[in-house]
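As a plain string of letters, each chain reads:
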Amino acid sequence: MMTHYSFGVSGNLVKFPYREIYYHTLLLEPFLQVPDIQIMASSILRRFLPRKTTWMYGQRMMSSTIDVSVDEQTGIALMRMKRKPVNSLNLEFLQDIRNTIVTLEQNKKCKGLILTSDVPKIFSAGIDILEMYQPNEERLNSFWRALQDMWLQLYMTPLATIAAINGHSPAGGCLISISCDYRIMAPNYTIGLNETLLGIVAPFWFKDAMCNTVGHREAEIALALGKLYSTEEALQKGLVDEVVTSEQIMEAAQKKMLEYVKIPNMARAMSKQLMRQETADKLRSTQDSDVQNFVNFCLQDKVQQSLGFYLEQLKKRKSK
Amino acid sequence: MMTHYSFGVSGNLVKFPYREIYYHTLLLEPFLQVPDIQIMASSILRRFLPRKTTWMYGQRMMSSTIDVSVDEQTGIALMRMKRKPVNSLNLEFLQDIRNTIVTLEQNKKCKGLILTSDVPKIFSAGIDILEMYQPNEERLNSFWRALQDMWLQLYMTPLATIAAINGHSPAGGCLISISCDYRIMAPNYTIGLNETLLGIVAPFWFKDAMCNTVGHREAEIALALGKLYSTEEALQKGLVDEVVTSEQIMEAAQKKMLEYVKIPNMARAMSKQLMRQETADKLRSTQDSDVQNFVNFCLQDKVQQSLGFYLEQLKKRKSK
Amino acid sequence: MMTHYSFGVSGNLVKFPYREIYYHTLLLEPFLQVPDIQIMASSILRRFLPRKTTWMYGQRMMSSTIDVSVDEQTGIALMRMKRKPVNSLNLEFLQDIRNTIVTLEQNKKCKGLILTSDVPKIFSAGIDILEMYQPNEERLNSFWRALQDMWLQLYMTPLATIAAINGHSPAGGCLISISCDYRIMAPNYTIGLNETLLGIVAPFWFKDAMCNTVGHREAEIALALGKLYSTEEALQKGLVDEVVTSEQIMEAAQKKMLEYVKIPNMARAMSKQLMRQETADKLRSTQDSDVQNFVNFCLQDKVQQSLGFYLEQLKKRKSK
């Protein structure tokens, strides 16, 4: 028996969809040198030109951003992110992800959760930079709090979690991946905390999750250089645990998840808590000041100018 | 010149030896699928059937559980655990191990300690689950305190320590191994913190010692899945440092120990303290509450039922 | 355009140059079994026999201990240590290194710093043990404080830092290396925290920097055994990041540094701070007591006797 949940975005969220497109291009920048990604990126731009705004706006309203199904026989849930075009993490999407996890935790038949993307070639492009540009301060507060809360929920969930990384996974996409219990990645994509490439710095809890995954030394290189690891490098450095083709990734994730869910549930969940408590508590004990730091950072003229400059550049690039 | 110490168990300890047999089988469960281990396990069962209780009980009284010899020329002590059939760690055995270490520390001619098993195919099966089943609360307290104290003594001893792992080494057996300075393991055995497989969770200090050995990421996998590593996997993940055959293991341990004891003694001991102090202090500062947590955990009806259920199953299995 | 700085030692520092030679030999002891190093060591001894004292003393006065050049086009500074014969770290040299870094940080055109040695076959032999022998207590205080301050400056500098390790790098030489952002090493040299071989213990912040580089487990082995890793072992264990020949090392360092300096500067520097703050703060919060511990350690009769014994041995060895 399969149960379906559906979490839609609240729709009134994206006031300036054209800006979002620029942002997606911005975050995709590192990939733009790869020819087939360039084609994809420009086709994204073509699809979402301003004249299609209303249509896109409408589509968002009607579509959901997350598909969830639970196989109650195996106890395995599957969550597919489908916030087009690149699963960028805005306030509502973050809330939706968190609510999905909370709901699944309350389902006594559910023991494990596989996260994957329903969007081609992108797992998640990370946080939605438009939340940071010319922001409403109150919403900016809520946005960062939602990111924290999503992370705490995912990182500490008693559910066994596996990321089936079937596309690029920069920045916040990498955070989601490394917060799962296990990572399987398809070839020819990239993953990493590439924040420095955009002139920003990963929050300390991104860093902590990265250290817990690849160790202090590799995390240092990763963050300093904003390194985007190829699938093969990611496997070699322990940033992902397994590599299989996109076609086989769901099967591999199911197979590995069966290993997790056959372990006595409470003991497995408590072991996870034991391993991660300290890292989670570091954020929990400073959540308010972390929000304030982020808001203060964003509201700096220099940062706004910098974000504006990027968006402007991308607008120009587009109009060529 | 060789000095011999002998530490015997206090004998009046094992009131229900037949239960202990079940427990050994319980902890050996993961190995029971390996044919030659099955043979060994059933031969253990045959040897210790109830009709032989008195004999076994008597043998225990007369035999010692630990053999210790010190080569005063090299400064190397050898400690062989021989609490048959599987070196399971009960209150008195834990006290004996600790006392052995304390005594050797006081021997000015002793600089290094090699730990190994005198029992075939088992290094140590870990803590004696019978200490947890239908316990006397006071003894349960003492048991956990003895486990803590043994660990603190072994983990922090100024002696250089090498585990010559000449048999399976699950749970507490793994703890003893990873608390040494160096690990050499014979092929075709397994090692790991497999507590979750039994529905229980490793204490935080087992986890800390594991993290210090294989890093946070591998420890996370190890604990969540209760993973028992083959000798080869253990080497690959850094859970052990060297693999040699059972025949060569003592020679290899002696050879490596000579490297340790030739280092100026005080400096080597202080370096070890420097590396491990923080981890030991985490337990030292919460030793009482850690005992209380464990006792409360054991005294839960659910836990007792669960332990009883396991023991019952094993009784049935035996009677077939 | 290239700018040159020059930092000279204050000259009146080396009162007993002949003793320094013994010390160098002392620290080089581990290498003395390698034939070509033996030749080098004895040629050092021959060059600096007492009769040449004045000349050497004069040479020191006139020469500088550090050469620094900044390529303002690339933003890359090159610092060559040339405190002959083995770049041992005494009070003034430590101050010079720190001052060099501070000055470069203030140069807005400078983003990255490559550290290398101008002395053949030695990167740095580590701290100058003569600072510890029959010391003036006040100077001993200043010396250790200078070592702390140099380390904090180097470890936390916003500059990207690469060690081009073109010679042996024991003890304090290893500390300098592991405090950089990246390490490139030439073949056939050694690197490691070999303090225990001399009967002393690395300070906790050496240990912390080592853990951050190779992880807890390898650091434990490294410190306990005072292990000097060959270039190849160092690469394998992650103690260095890259191996190229001495001839190619500067080119490789320049090439890697271009990767670092092209990252938005502030973001890269803040990422570094994020990764290293906690480790630096551990020393910062105990700097005074760390000085006091070191001074108390040095002033012990036993330690002075031990240092004296070593120096005496070396004097005898020389006179043979």
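Keep in mind the model is a prediction, meaning the values are calculated, not measured.

S.K.: Help me understand the relation of the copies chain A and chain B in this model?
M.R.: Note that the two copies of the chain are related through a rotation about an axis and a translation along the same axis. Note on the copies: chain A fits chain B at an RMSD of 0.1 Å, the axial shift is 0.0 Å, and the rotation between them is 120°. Expressed as an axis order, the relation between the two copies is that of a three-fold axis. In terms of proximity to the rotation axis, the leading residue of chain A is Gly215 of chain A, whose C-alpha is 4.2 Å off the axis.

S.K.: Explain the interface of chain A and chain B here, please?
M.R.: Interfaces are frequently sized by the accessible area removed from exposure as the parts join. Between chain A and chain B, the contact holds 18 residues from the first and 19 residues from the second. Around 1600 Å² of area is buried between chain A and chain B when both sides are counted, 64% of it from carbon and sulfur atoms. When the buried area of chain A at its contact with chain B is split by residue, Ile263, Leu274 and Met275 of chain A rank highest and sum to 36% of it. In this structure, the connection of chain A to chain B is made through three salt bridges. For Glu278 of chain A, the salt bridge is made with Lys282 of chain B, and the minimal N-O distance between the two is 3.7 Å. On the surface where chain A and chain B come into contact, there are six residue pairs in polar contact (both at pLDDT 80 or more). Where the side of chain A that touches chain B is concerned, the elements lending two or more residues are β10 (182-185), α7 (204-224), α9 (249-261) and α10 (265-284) of chain A.

S.K.: Please clarify how the sheet that holds strand β9 (residues 167-170) of chain C should be interpreted in this entry.
M.R.: All names here are of chain C. Taken in spatial order, the four strands line up as β6-β9-β11-β12 in an open sheet, and their pairing is mixed. Because the sheet does not close on itself, it has two edges, and the strands there are β6 (121-122) and β12 (229-230). Bridge analysis of strand β11 (residues 190-192) against β12 gives two bridges, and the strand direction is antiparallel. When the sheet's bridge partners are listed, Thr190 is paired in β12 with Ser230.

S.K.: What's the story with the sheet that holds strand β6 (residues 121-122) of chain B in this structure? I'm lost.
M.R.: Whenever strands of a sheet pair, they do so through backbone hydrogen bonds, lying parallel or antiparallel. Residue and element names in this part refer to chain B. Pairing is mixed in the open sheet, where four strands are placed in the order β6-β9-β11-β12. The sheet is open, and its two borders are formed by β6 and β12 (229-230), each paired with just one other strand. Examined bridge by bridge, strand β9 (residues 167-170) and strand β11 (residues 190-192) share two bridges and lie parallel to one another. Among the inter-strand pairings, Ser169 is bridged to a residue of β11, identified as Ile191.

S.K.: Would you mind going over helix α10 (residues 265-284) of chain C with me for this structure?
M.R.: Because an α-helix completes one turn every 3.6 residues, residues spaced three or four positions apart along the sequence face the same direction. All names here are of chain C. With 20 residues, α10 should cover 28 Å at 1.5 Å per step; its first-to-last C-alpha distance of 25 Å lies more than 12% under that length. The largest bend along α10 reaches roughly 55° and is located at Arg276. When α10 is considered as a whole, its buried residues turn out to be Ala267, Arg268, Ala269, Ser271, Lys272, Met275, Arg276, Thr279, Ala280 and Leu283.

S.K.: Explanation requested: the packing of α7 of chain A against α10 of chain A in the structure shown.
M.R.: The packing of two helices is summarised by the inter-axis angle and the distance between the axes. Residue and element names in this part refer to chain A. At a minimum axis separation of 10 Å, α7 and α10 run at an interaxial angle of 175°. Our classification of the angle between α7 and α10 gives roughly antiparallel. Here α7 contributes Phe204, Trp205, Lys207, Asp208 and Asn212 to the contact with α10, which in turn contributes Thr279, Lys282 and Leu283. Counted by class, the contact of α7 with α10 contains three nonpolar, two polar and three charged residues.

S.K.: Could you clarify how one ought to interpret the interface of chain B and chain C in this entry?
M.R.: Listed per partner, the contact involves 18 residues of chain B and 19 residues of chain C. Taken over both partners, the interface formed by chain B and chain C buries close to 1600 Å², and the fraction arising from carbon and sulfur atoms is 64%. By the criterion of area lost to chain C, the three top residues of chain B are Ile263, Leu274 and Met275 of chain B, representing 37% of everything that side buries. Scanning the region where chain B abuts chain C turns up three salt bridges. Between the two partners, chain B and chain C, sit six residue pairs in polar contact (both at pLDDT 80 or more). The set of elements that each furnish at least two residues to the side of chain B that touches chain C consists of β10 (182-185), α7 (204-224), α9 (249-261) and α10 (265-284) of chain B. Among the residues forming the side of chain B that touches chain C, the class breakdown is eight nonpolar, three polar and seven charged.

S.K.: It is not clear to me how the pairing of strand β8 (residues 160-165) of chain C should be interpreted in this structure. Could you clarify?
M.R.: All names here are of chain C. In terms of burial, β8 is largely enclosed, as six of its six residues are buried. Of the two faces of β8, the one carrying Ala160, Ile162 and Ala164 and the one carrying Thr161, Ala163 and Ile165 are both buried. Taken together, the five bridges between strand β5 (residues 112-117) and β8 define a ladder with parallel strand orientation. Counterpart to Gly112 in the pairing with β8 is Ala160. Bridge analysis of β8 against strand β10 (residues 182-185) gives four bridges, and the strand direction is parallel. Along β10, the bridge assignment pairs Ala163 with Arg183.

S.K.: What exactly am I supposed to notice about the packing of aromatic side chains here?
M.R.: When we look at a pair of aromatic rings, we describe it by the centre distance and by the angle of the planes. The full count for this structure, using the stated rule, is 24 aromatic pairs over all chains. Feature note: the residues Phe143, Trp144, Trp151, Tyr155, Trp205, Phe206 and Phe294 of chain A constitute an aromatic cluster, connected by ring pairs. Arg276 of chain C extends its terminal NZ or CZ atom over the ring of Tyr155 of chain C, reaching a point 4.2 Å from the ring centre.

S.K.: Would you take a moment to explain the packing of helix α5 (residues 137-156) of chain B against helix α11 (residues 287-299) of chain B for this structure?
M.R.: All names here are of chain B. It is at 9 Å that the axes of α5 and α11 come closest, and there the two elements cross at 135°. If you check the angle between α5 and α11, you find them oblique. For the pair α5 and α11, the crossing hand works out as right-handed. Contacts between α5 and α11 involve Glu137, Leu140, Asn141, Phe143, Trp144, Arg145, Gln148, Asp149 and Leu152 from the first element and Gln287, Asp288, Asp290, Val291, Phe294, Val295, Cys298 and Leu299 from the second. When grouped by side-chain class, the residues that make up the contact of α5 with α11 number nine nonpolar, three polar and five charged.

S.K.: When you look at the layout of surface pockets in this model, what are you seeing that I'm missing?
M.R.: Where empty space is left can be seen by rolling a probe of water-molecule size over the atoms. Put simply, the second largest pocket is a space of about 960 Å³. Every residue lining the second largest pocket is counted, 37 residues in all, and those nearest its centre are Gly199, Ile200, Val201 and Phe297 of chain A together with Met270 of chain C. The dominant element in the lining of the second largest pocket, judged by the number of residues it contributes, is α10 of chain C, at six residues. Residues belonging to the lining of the second largest pocket are distributed by class as follows: 24 nonpolar, ten polar and three charged.

S.K.: Hey, could you run me through empty space enclosed by the protein in this one?
M.R.: One pass over the structure, following the stated rule, counts seven cavities of 30 Å³ or more. Volume-wise, the largest cavity comes out at about 70 Å³. Of all the secondary-structure elements, those providing two or more residues to the lining of the largest cavity are α10 of chain B together with α7 (204-225) of chain C. Counting residues per element, the lining of the largest cavity draws most heavily on α7 of chain C, which supplies four residues. Looking at the lining of the largest cavity, its residues break down into three nonpolar, no polar and six charged.

S.K.: Any chance you could explain the confidence of the model for chain A here in plain terms?
M.R.: Fine structural detail should not be taken from predicted coordinates in areas where pLDDT scores are low. Residues and elements named next belong to chain A. Confidence along chain A averages 83 in pLDDT terms, with 80% of residues attaining 70 or more. Taken together, the stretch residues 5-63 has pLDDT below 50 and engages in 115 contacts with residues farther than four places along the chain or on a different chain. Two numbers describe this predicted complex: its pTM, 0.84, and its ipTM, 0.82.

S.K.: Would you mind going over the side chain of Asp290 of chain A with me for this structure?
M.R.: All names here are of chain A. Here Asp290 lies in helix α11 (residues 287-299). The side chain of Asp290 is buried and forms no salt bridge, while Arg145, the nearest opposite charge, is found at 8.6 Å. There is a polar contact of 3.0 Å between the side chain of Asp290 and the side chain of Trp205.

S.K.: I'm lost on the environment of Ser285 of chain C in this one. Help?
M.R.: Residue and element names in this part refer to chain C. Tracing the chain through its elements places Ser285 in the loop between α10 and α11 (287-299). Look at Ser285 and you get exposed, because its relative accessible area is 59%. Taking the C-alpha atoms as reference, Ser285 lies 23 Å from Cys174; in sequence the two are 111 residues apart.

S.K.: What is the right way to read the side chain of Asp67 of chain C from this model?
M.R.: With respect to the helices and strands, the residue Asp67 of chain C is situated in strand β2 (residues 66-71). Within the structure, the side chain of Asp67 of chain C is placed 3.4 Å from the side chain of Lys82 of chain C, a separation counted as a polar contact.

S.K.: I keep staring at α9 of chain A and nothing clicks. Help me out?
M.R.: All names here are of chain A. An ideal rise of 1.5 Å per residue puts 18 Å on 13 residues; α9 measures up with 18 Å between its terminal C-alpha atoms. Within the span of α9, buried status applies to Ile249, Ala252, Ala253, Lys256, Met257, Tyr260 and Val261. Along the axis of α9, the buried residues cluster in a sector spanning 165°; they form a single face. Turned more than 90 degrees off the buried face of α9, the exposed positions are Glu251 and Lys255.

S.K.: What exactly am I supposed to notice about the environment of Arg268 of chain A here?
M.R.: Mapped onto the elements of the fold, Arg268 of chain A is located in helix α10. When neighbours within four sequence positions are excluded, Arg268 of chain A is seen to be in contact with Lys111, Pro158, Leu159, Ala160, Tyr260 and Ile263 of chain A together with Thr196 and Ala224 of chain B. A distance of 2.9 Å separates a polar atom in the side chain of Arg268 of chain A from the backbone oxygen of Pro158 of chain A. At 3.1 Å, the side chain of Arg268 of chain A and the side chain of Asn265 of chain A are in polar contact.

Thresholds, definitions, all that
Residues numbered from 1 in each chain as written. Chains lettered and ligands numbered in written order. Predicted model: local features only at pLDDT ≥ 70, side-chain atom pairs only at ≥ 80, totals over all residues. Heavy atoms only, no water. Least-squares fit on C-alpha atoms with pLDDT ≥ 70 in both. Contact = heavy atoms within 4.5 Å. Buried area = accessible area lost by both parts, 1.4 Å probe. Salt bridge = Lys/Arg side-chain N within 4 Å of Asp/Glu carboxyl O. Polar contact = N/O pair within 3.5 Å; in protein donor to acceptor, adjacent residues only side chain to side chain. Helix = DSSP H or I, 4+ residues; strand = E, 2+ residues; numbered from the N terminus. Pairing = 2+ DSSP bridges. Expected span 1.5 Å × (residues − 1). Bend = angle between axes of the 7 residues up to and from the residue. Buried < 20%, exposed > 50% of the residue type's maximum accessible area, 1.4 Å probe, protein only. Axes fitted to C-alpha atoms, helices over the stretch in contact; angles between N-to-C directions. Parallel < 35°, antiparallel > 145°, perpendicular 65-115°, else oblique. Nonpolar A, V, L, I, M, F, W, Y, C, P; charged D, E, K, R; others polar. Phe/Tyr/Trp six-rings, centres within 6.5 Å; stacked < 30°, edge-to-face > 60°. Lys NZ or Arg CZ within 6 Å of the ring centre and 35° of its normal. Left-handed = near helix turned anticlockwise from the far one by under 90°. 1 Å grid on protein atoms, 1.4 Å probe; cavity = no way out; pocket = protein on both sides within 12 Å on 5 of 7 lines; lining within 4 Å. Points joined across faces, edges and corners; volume = space filled by probe spheres on them. pLDDT = per-residue confidence, 0-100. Lys, Arg positive; Asp, Glu negative; His and termini not counted. Arc of directions from axis to C-beta.

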